[in-house]
Amino acid sequence: MRSARPAVPAASRSLPFAACRSAPCVRSLCLCAGQSLAHVCHSANIRGRMNDVKSYVPPFQLDRPMDGGAVGEIVASNAEGFAVGDHVLHGLGWREYAELDAKHATKVDASLAPLSSYLGVLGMPGLTAYAGLFEVASFKEGDSVFVSGAAGAVGGLVGQFAKIKGASRVIGSAGSDEKVTLLTEKYGFDAAFNYKNGPVAEQLRAAAPDGIDVYFDNVGGDHLEAAISSLNVHGRATLCGAIAHYNDTEAAPGPRNLMQVIGKRLRLQGILVSDHAGLQQQFVQDVAGWLRSGELSYDETVVEGVENATSAFLGMLRGENTGKMIVSFTG
């Protein structure tokens, strides 16, 4: 949204590895709960863009601003349909101000849902969970489902979507006893385990003695190997993330039981949410309805202050968040 540029307050500052140099016309601040806030989300896929390798999205460049999902309030605009005070979802996070073309902004309504939810349950993580379960994994009523990283922004939704749609059993793994309790007592998982308490394969077999039909993978490593062993014939796995390997300095060994994929005729398929834009309307309709009915719950971990954005990102990689990791910028 191009326009005359407003003065940037002296308090405006960039992040340690996101030097924002341009004066903006869309201020990354939004009015929320009586305060001036910007909501920036952290996703594990940001970590992959810190490696200088060819991928489905270009890597971040040194000495240039990083980007990422954000919700902000427009402070200046000459774009039709976008007025000062409107709230928009955009991809130029990691800064307090951003200048962008209107085609890269999506208006969101704070009266319908908290602004931060457009970065989580009603945003990219929500659509990832929805598409990954229903389209990629071809979930059907009666399936038994295992979700790794189940207390994260995507995993917690996958398990609940499966329960809502009639899964026979939903199992989740998480990295603390507190998160395990959250999964079973708040999100309605039938069983959950702390992967730090013992071998994943053993804990999964105990939680799913009759095997699983669907695996939603956010972790990789020993979780993927365990899931392959527990998947029933014609089982399906959605490979969404591999957070166990994002900081590896050497190539990680693959699952040792890949021969089972042949014998059990398993389907393992990766997901990029951008391939599933056609589901957006149905996704919003379904999820908004489940939120209104109380069938669906979600959590956010909120960190205050632009100066804490980097530590929040690192905390997410360590599993310190429950649900979506959100950074609020106070103006």
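Here the structure is a predicted model, which is why all the values come from computation and not from measurement.

1. Side note on the confidence of the model for the protein chain
Segments scoring low in pLDDT should not have their predicted coordinates read at a detailed level. Per-residue pLDDT for the protein chain averages 80, and the proportion of residues at 70 or more is 80%. Throughout residues 1-43 the model reports pLDDT below 50, and contacts reaching past four residues in sequence, or to other chains, amount to 160 contacts.

2. Some points on the nonpolar core
Counting 41 residues, the largest nonpolar core has Val145, Phe161 and Val287 as the members making the most contacts within it. Listed by contribution, the elements that provide at least two residues to this core are helix H2 (124-136), strand S7 (144-147), helix H3 (155-164), strand S8 (169-174), helix H4 (177-185), strand S10 (212-217) and helix H8 (280-293). In terms of residue count, H2 provides more of this core than any other element does, 6 residues in total. Setting aside residues no more than four positions away along its own chain, Phe161 makes contact with Gly126, Ala129, Tyr130, Leu133, Phe134, Val287, Trp290 and Leu296. One finds Phe193, Ala207, Leu231 and Leu266 within the second-largest nonpolar core, a separate group that totals 18 residues.

3. A closer look at H4
Along H4, the residues classified as buried are Lys179, Val180, Leu182 and Leu183. Buried residues of H4, seen end-on, are gathered within an arc of 160° and therefore sit on one face of the element. For H4, exposure combined with an orientation more than 90 degrees from the buried face picks out Glu178 and Glu185. The inward-facing, buried residues of H4 abut S8 and strand S9 (191-194).

4. Details of the sheet that holds strand S12 (residues 267-270)
Spatial ordering of the open sheet is given by S9-S8-S7-S10-S11-S12, a layout of 6 strands whose pairing is parallel. The sheet is open, and its two borders are formed by S9 and S12, each paired with just one other strand. Sheet twist, expressed as the mean angle between neighbouring strand axes with direction ignored, is 15°. One ladder, built from 3 bridges, connects S7 with S10; its direction is parallel. Of the residues in S10, the one forming a bridge with Val147 is Phe216. In the packing of H4 onto the sheet, contacts are made with S8 and S9, and the angle to S9 comes to roughly 170°.

5. Section: the side chain of Lys264
By secondary structure assignment, the location of Lys264 is in the loop between helix H7 (259-263) and S12. Those residues in contact with Lys264 that lie beyond four places of it in its chain are Ile228, Ser229, Ser230, Leu231, Asn232, Val233 and His234.

6. Looking at the pairing of strand S4 (residues 87-90)
For strand S3 (residues 70-74) and S4, the ladder comprises 4 bridges, and the chain directions are antiparallel. Its bridge partner lying in S4, Gly72 is registered against Val88. Here 3 bridges tie S4 to strand S6 (residues 106-108), and the two strands are oriented antiparallel to one another. When the bridges of S6 are listed, His87 appears paired with Val108.

7. Observations concerning the packing of H2 against H3
H3 packs onto H2 with a crossing angle of 50° between their chain directions and a minimal axis gap of 9 Å. The orientation of H2 relative to H3 falls into the category oblique. Two packed elements cross with a definite hand, and for H2 against H3 that hand is right-handed. In this structure, H2 uses Pro125, Gly126, Ala129, Tyr130, Leu133 and Phe134 to contact H3, whose residues at the interface are Leu157, Val158, Phe161 and Ala162. Residues of the contact of H2 with H3, tallied by class, amount to 9 nonpolar, 1 polar and no charged.

Conventions we followed
Residues numbered from 1 in each chain as written. Predicted model: local features only at pLDDT ≥ 70, side-chain atom pairs only at ≥ 80, totals over all residues. Heavy atoms only, no water. pLDDT = per-residue confidence, 0-100. Contact = heavy atoms within 4.5 Å. Core = buried A, V, L, I, M, F, W, Y, C linked by side-chain atoms within 4.5 Å. Buried < 20%, exposed > 50% of the residue type's maximum accessible area, 1.4 Å probe, protein only. Helix = DSSP H or I, 4+ residues; strand = E, 2+ residues; numbered from the N terminus. Arc of directions from axis to C-beta. Pairing = 2+ DSSP bridges. Axes fitted to C-alpha atoms, helices over the stretch in contact; angles between N-to-C directions. Parallel < 35°, antiparallel > 145°, perpendicular 65-115°, else oblique. Left-handed = near helix turned anticlockwise from the far one by under 90°. Nonpolar A, V, L, I, M, F, W, Y, C, P; charged D, E, K, R; others polar.

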